[in-house]
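Listed here are the chains, written in short residue letters.
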Amino acid sequence: MDGNLLRQEPPGATDMTGTQPGVEARPAGTPKAVGIVWALLALNTLGSAGAKTVVTLPRSLIQMATMGALVAAFTLALALNLRLRVRPSAFVFLLTLLLVPSVISSANLEVGYGALFRCARFALFVGTLWLLSRWWNGDLTFVRYHIRMYFAVLVTVAAGLVVAPGTAMPEYYGGRLVGALWPLTPPQIGQYAAVIIGLTVLLLLGRAADRASAVVIIVPSVVLLALTHTRTATLGLLIGLVLAISSLVLTSSAARRFFAWTVLIATVAAVAFSSALQSWYLRGQSQENLSNLTGRAKVWDALLAETRTTGEKVFGVGLSDKSFGGLPIDNSWLAVYHEQGLIGIAVVATLIAVLGGVALLRPPSVPRACAIFLISYCAISSYTEAGLGDASPYLLHLGLAASLLAMPAAAATPLSTTAVPRRRVPRWARR
């Protein structure tokens, strides 16, 4: 892959080997090991449950790998930031606040000791983000980390499709693409593909990536997204890109051209391939099955009808596996209500509102457009996917958005000094 797309941009704060007299030292630049920490966080959020793989991997082994990645990420981040220097971040502060109802509800052990384990995992995740916030400068450094990691995941999915196409597109998933080497579900693969497609398109429009390397990433990702038949990821990608590119239209001629051509091509494709697109969207489902969102609505109605105590309504029942009655909840807001109660709903809603408000206040730029895309995508996906209340890829996407919206570190400025008045020397003394 061409290195131009994934090259490291000069950070907003430069390195300094020492402190000059009268000048305050600038914050250190982003070490390369920070990218490893970000990749380990992404590895932790891949999960341990999914489709059957070519080589059966014990779930305990996968859990050890994912939890080990989180512990390694926290340890490495702490080693890189031994002085515990962090930047003020409303996003990470709200995540820390979300830990309060999580711990209170999980301490009741209503869903078992696994709730406390998930709280510890969530705390490590948030702690690692605090340690990384030191290097959040509003540049594109973490965007490239994000694309690298998830493109590597998609490479394993493509390899599984080549090695064992029958396992990669099983009948029990309706012929949709799954992970044959690592247990990944179609919604997961669709999410990763949609996110890196959107980010790469925005980098290309902002001339932060060359066309050849962008094509290498975008084309295979589009193919994999189509094979997953994931409607939520597709809609999130399209709507998120429309909003993100709209934020660049007034300042970028490339964005205006891309937007115009995309609208034209989409209109022609919608007319010419309407039947094929409708068949892909329906996925062979009946109208009744589609109307209740593939059975999700039944789970949601049962969850809302459940009798709860005042404490359960306020704080929830504790962090669980995002299921109710043995069935997945598949809605971030209902999952948060079930696990962290009304307090959790208020914190998550504030988190989304704060990120969206800050994004609207920033001047037009590629980092701002990437943040708008990520916030929009996560907000749309929250309707049919869970993950906004616990360590998940969605919180990692929003963490990336927070890093893009952070103000650049201030450049070094001379320390203020008081001018000493010159003493008047008498004329006779001069002689």
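Quick caveat, the model's predicted, so the values are computed rather than measured.

Participant: When you look at helix α15 (residues 332–361) in this model, what are you seeing that I'm missing?
Facilitator: Residues lying three or four places apart along an α-helix face the same way, a consequence of the helix completing one turn every 3.6 residues. Under the 1.5 Å per step criterion, the end-to-end length of α15 is only 26 Å for 30 residues, more than 12% shorter than the ideal 44 Å. The largest bend in α15 amounts to roughly 130 degrees and is located at Gln340. N-capping of α15 is provided by Asn331, with a side-chain oxygen placed 2.9 Å from the backbone N of Trp333.

Participant: Sorry, what's going on with the side chain of Glu312 here?
Facilitator: Relative to the helices and strands, Glu312 resides in helix α14 (residues 310–315). Buried charge Glu312 goes without a salt bridge, the closest partner of opposite sign being Arg308 at 5.2 Å. Residue contacts for Glu312: discarding those within four places in its chain leaves Glu110, Thr307, Val317 and Gly341.

Participant: Is there a simple way to explain the side chain of Arg308 in this structure?
Facilitator: With respect to the helices, strands and loops of the structure, Arg308 is situated in the loop between α13 (296–305) and α14. One polar contact links Arg308 to His338, side chain to side chain, over a distance of 3.1 Å. Aside from chain neighbours lying at most four places away, what touches Arg308 is Leu303, Lys313, Val317, Tyr337 and His338.

Participant: Is there a simple way to explain the pattern of salt bridges in this structure?
Facilitator: In a structure, side chains of opposite charge can pair up when their charged atoms sit close to one another. Per the counting criterion, the structure on display carries three salt bridges. The closest approach of N and O atoms between Asp330 and Arg296, which form a salt bridge, is 3.4 Å. A residue pair is termed long-range when its members are at least 10 positions apart, and Asp330 in the loop between β2 (327–328) and α15 and Arg296 in helix α13 qualify at 34 residues. As a salt-bridge pair, Lys322 and Asp390 come within 3.2 Å of each other at their nearest N and O atoms.

Participant: Help me understand a nonpolar patch on the surface, please; the structure alone is not making it clear to me.
Facilitator: A contiguous nonpolar patch, built from Val54, Val55, Leu57, Leu61 and Leu181 and spanning about 400 Å² of accessible area, is present on the exposed surface. Counting through the fold element by element, Leu57 comes out in the loop between α1 (33–44) and α2 (59–80). The exposure class assigned to Leu57 is partly exposed, which follows from its relative accessible area of 30%.

Here is what the cut-offs are and how they apply
- Residues numbered from 1 in each chain as written.
- Predicted model: local features only at pLDDT ≥ 70, side-chain atom pairs only at ≥ 80, totals over all residues.
- Heavy atoms only, no water.
- Helix = DSSP H or I, 4+ residues; strand = E, 2+ residues; numbered from the N terminus.
- Expected span 1.5 Å × (residues − 1).
- Bend = angle between axes of the 7 residues up to and from the residue.
- Polar contact = N/O pair within 3.5 Å; in protein donor to acceptor, adjacent residues only side chain to side chain.
- Buried < 20%, exposed > 50% of the residue type's maximum accessible area, 1.4 Å probe, protein only.
- Lys, Arg positive; Asp, Glu negative; His and termini not counted.
- Salt bridge = Lys/Arg side-chain N within 4 Å of Asp/Glu carboxyl O.
- Contact = heavy atoms within 4.5 Å.
- Patch = residues over 30% accessible without salt bridge, like charges linked within 9 Å, V, L, I, M, F, W, Y side chains within 5 Å.
- Areas by Shrake-Rupley, 256 points an atom, 1.4 Å probe, with all protein chains shown as cover.

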